[in-house]
Amino acid sequence: MSQSSWIRKMFEDGLRLKRELGDENVFDFSLGNPNIHIDTPDRFKELLAEVADDVALGVHAYMPNAGFPGTRKAIADYLSEEHSVKMHIDHVVMACGAGGALNVVLKTLLDPGDEVIIPAPYFVEYRFYIDNFDGIPRIVPTHEDFSLDVEAIAAAVTEKTKAVLINSPNNPTGKVYDEDSIRELAAALQEKDRRFGTDIYLISDEPYRDIIFDGIKVPSVFKAYAHSIIATSYSKNVSIPGERIGYVALNPRIGGAKTLMDGLVLSTRILGFVNAPAFMQRVIEKMQGVVVDTTIYQTKRDMLCEGLAAIGYRFDKPQGAFYLFPRSPIDDDVAFVQLLQQKNILTVPGSGFGRGGYFRIAYCVDDRTIANSMKGFEEAFNECQ
Ligand code: PLP
C-alpha cells in the first residue's frame, strides 16, 4: 500500500479539485479510462441488445473455466489470421481484462523467487502483479527513445529468469517496439535458454494493439518466438474497461501447451474469477476485429503534440495507445506534476512508471480539455525556465 500511495494521492487530489472547482475547470489527464469520453463502436451497442434478448435457460450458467468454446473459437480464428499461425480453442483462455489475464499467466508460470524482466517505463501494476506470486521484478531501462534495449535485457537474464514482460504499444510512452527489436529479443532469449537450459517465456501485454497511428504495424510475438503468450483485453480497443473482458492466448508452437493450459484454467478457477463474465463473452464472440475509431485518438495526439511542442516541451511522438510521456522541464518530475496541479492539470510523474524526469499525459479526454489546458501547460513550463 505504501508503494502505491502516490496513485491514491493523485486520485484523491483530483476528486478534491473537481469538487472545489467543477469538472470543467480541472484538466484531468491522470487516468487511462477511455469510456468517459470515447464511445464504444455501434456494432458493440447492437450486440448488447441482441445478446440481452437471448434469455434461454443456460446462458447465465457456469461454463468450462476457460470460457465458452464458441468465444474461444472466434478468438482463435481471428488470431490465426492476424499472426499467420494455426490456433485452436485449446490455446485461448478467457480472462477478466488484461489485468486478470496477466495474473492468471503469472500464477501459472511463477515459483517463488522467479524473476520477471520488465523494460521501463512500464505499466505501474506489473510490480504488484509479480509480487502477488512471490516473483521478483527485474527492471531494465529502455533506450532514450523508449525502444527495447535488447543487450541490457539479455544481460539481466539469470537462471532464475522465468519471463520477460513487454507492453507494446506502451503505457506510458505510446512506443511500438518494432519488428527488428522483437526479433533480436527472441534471438537473445533463445541463446539464454540454450545457455541456462531454461524456457524463458515472452509475455506480451497487448491491450493497445489496435490503437496505432500513421499506418504503423505492431509486430507479432507469435511469429518471432515460440515461447510466447499474449495477454490482452477489449478494455481499450472497444472502450469497455469496466466490463472486464479479455483473454490469454498461447503460441501454438509453445512447448508443454497442454500443461500450461491446465495451469491457466486452474489459476482462473482459484484466483476467484472462476470464469470471465458470461454476457461479455457472448458479445465479443460476434465482434472480432471491431475497434473504436482510432483516428479520434490520432487527432487528439496531434493536437496535444502540436500544442506542447509550440510551448517548448520535448517528447517522442507516440505511435499508439493514448499516452504522451514528455520530459519534465525540471529534473524532479514529482515537483513538476505538483506545479501542473496548481494550474488544475492532473498528470502522473514518470518515476511511478520507472522513469524519473518525465511525466505521463493520458489523452483519452475530450478535445476541449486538451485545448483549454494549454494555457496552464505554458505557465508551468515558463515558471521552470
Ligand atoms: N496493461 C496495460 C499496459 C494497461 O495500460 C492496462 C490498463 O490500463 C492493463 C494492462 C489492464 O487492462 P484491463 O483493464 O483490461 O485489465
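These figures come from a predicted structure and were not determined experimentally.

Engineer: Tell me about the site of the ligand, and please be specific about residues and values.
Structural biologist: Every one of the 14 residues lining the ligand counts as a neighbour, but D205, Y208, S233, S235 and R244 are closest to it. The backbone of A98 places a nitrogen or oxygen atom 2.8 Å from an oxygen atom of the ligand. In isolation the ligand offers 390 Å² of accessible surface; the protein chains occlude 91% of this area. In this structure, the ligand is accommodated by the largest pocket. The dominant element in the shell around the ligand, judged by the number of residues it contributes, is helix α4 (residues 97–109), at 3 residues. For the shell around the ligand, the per-class residue count stands at 5 nonpolar, 6 polar and 3 charged.

Engineer: Account for a nonpolar patch on the surface, with residues named and values stated.
Structural biologist: On the surface, a cluster of nonpolar side chains totalling about 290 Å² of accessible area is made up of F11, L15 and L31. Residue position: F11 is located in helix α1 (residues 5–21).

Engineer: Before we move on, can you summarise the sheet that holds strand β6 (residues 201–205) with the specific residues and values?
Structural biologist: Spatial strand order, β2-β8-β7-β6-β5-β3-β4: 7 strands in an open sheet with mixed pairing. With one partner strand each, in any of the chains shown, β2 (92–95) and β4 (136–141) form the two edges of the open sheet. The sheet shows a mean angle of 20 degrees between the axes of neighbouring strands, direction not considered. Note that strand β3 (residues 115–120) and strand β5 (residues 161–167) share 3 bridges and pair parallel. Residue pairing for β5: E115 is matched across the bridge by T161.

Engineer: Before we move on, could you go through helix α10 (residues 278–285) and cite the residues and values that matter?
Structural biologist: Counted residue by residue, α10 has 6 buried out of 8 residues, so it is predominantly covered. On the buried face of α10, the contacting elements are α2 (42–53), α3 (69–83) and β2.

Engineer: Can you lay out the layout of surface pockets for me, pointing to particular residues and giving the numbers?
Structural biologist: Taken as a whole, the largest pocket spans an internal volume of roughly 820 Å³. In terms of lining, the largest pocket is formed by 32 residues, of which the most central are L31, F123, E125, N171 and K236. Looking at the lining of the largest pocket, the elements with two or more residues in it are α1, α4 and α5 (126–132). With 4 residues, α1 is the largest single contributor of residues to the lining of the largest pocket. Its residues placed into classes, the lining of the largest pocket shows 18 nonpolar, 9 polar and 5 charged. Approximately 520 Å³ is the volume attributed to the second largest pocket. Lining the second largest pocket are 23 residues, and of these K18, V26, D28, I36 and H37 lie nearest its centre. Those elements that place two or more of their residues in the lining of the second largest pocket are α1, β1 (27–28) and α13 (367–383). Counting residues per element, the lining of the second largest pocket draws most heavily on α1, at 5 residues.

Engineer: How would you explain the sheet that holds strand β12 (residues 359–362) if you had to name every residue and give the values?
Structural biologist: Read across the sheet, 3 strands follow the order β9-β12-β11 without closing on themselves; strand pairing throughout is antiparallel. Two strands in the sheet have a free side with no partner beyond their single neighbour: β9 (323–324) and β11 (348–349). Direction of pairing for β11 relative to β12: antiparallel, over a ladder of 2 bridges. In the sheet register, V348 faces β12, and the bridge partner there is R360.

Engineer: Any chance you could break down the pairing of β4 for me, citing the residues and the numbers?
Structural biologist: Where β3 meets β4, 6 bridges bridge the pair, whose relative direction is parallel. In the sheet register, P119 faces β4, and the bridge partner there is V140. Running through α5, the crossover from β3 to the neighbouring parallel element β4 is right-handed.

Engineer: Give me α3: which residues, what numbers.
Structural biologist: It helps to recall that an α-helix has 3.6 residues per turn; residues three or four apart then point in one direction. Helix length check: α3, at 15 residues, gives a terminal C-alpha distance of 20 Å against a target of 21 Å (1.5 Å per residue), a fit within 8%. Buried within α3 are the following residues: T71, R72, A74, I75, A76, L79, S80 and H83. As for α3, its buried residues are in contact with β2, α8 (221–224), β7 (228–233), β8 (246–250), α9 (257–270) and α10. A positive backbone phi angle near 50 degrees is found at S84, which sits one or two residues after α3.

Engineer: Account for empty space enclosed by the protein, naming residues and giving values.
Structural biologist: What the rule picks out here adds up to 2 cavities of 30 Å³ or more. As a volume, the largest cavity reaches approximately 200 Å³. For the largest cavity, the lining is made up of 20 residues, of which Y78, D210, T232, N237 and Y247 are closest to its centre. For the lining of the largest cavity, the secondary-structure elements that each account for two or more residues are α3 and β7. Broken down by element, the residue count for the lining of the largest cavity peaks at 4 residues, all from α3.

The rules behind these values
Residues numbered from 1 in each chain as written. Predicted model: local features only at pLDDT ≥ 70, side-chain atom pairs only at ≥ 80, totals over all residues. Heavy atoms only, no water. Near = heavy atom within 4 Å. Polar contact = N/O pair within 3.5 Å; in protein donor to acceptor, adjacent residues only side chain to side chain. Areas by Shrake-Rupley, 256 points an atom, 1.4 Å probe, with all protein chains shown as cover. 1 Å grid on protein atoms, 1.4 Å probe; cavity = no way out; pocket = protein on both sides within 12 Å on 5 of 7 lines; lining within 4 Å. Sits in = over half its atoms within 2 Å of the grid points. Helix = DSSP H or I, 4+ residues; strand = E, 2+ residues; numbered from the N terminus. Nonpolar A, V, L, I, M, F, W, Y, C, P; charged D, E, K, R; others polar. Patch = residues over 30% accessible without salt bridge, like charges linked within 9 Å, V, L, I, M, F, W, Y side chains within 5 Å. Salt bridge = Lys/Arg side-chain N within 4 Å of Asp/Glu carboxyl O. Pairing = 2+ DSSP bridges. Axes fitted to C-alpha atoms, helices over the stretch in contact; angles between N-to-C directions. Buried < 20%, exposed > 50% of the residue type's maximum accessible area, 1.4 Å probe, protein only. Contact = heavy atoms within 4.5 Å. Points joined across faces, edges and corners; volume = space filled by probe spheres on them. Right-handed = clockwise from strand over helix to strand, strands pointing away. Expected span 1.5 Å × (residues − 1).

Just geometry here; none of it tells us what the structure is for.
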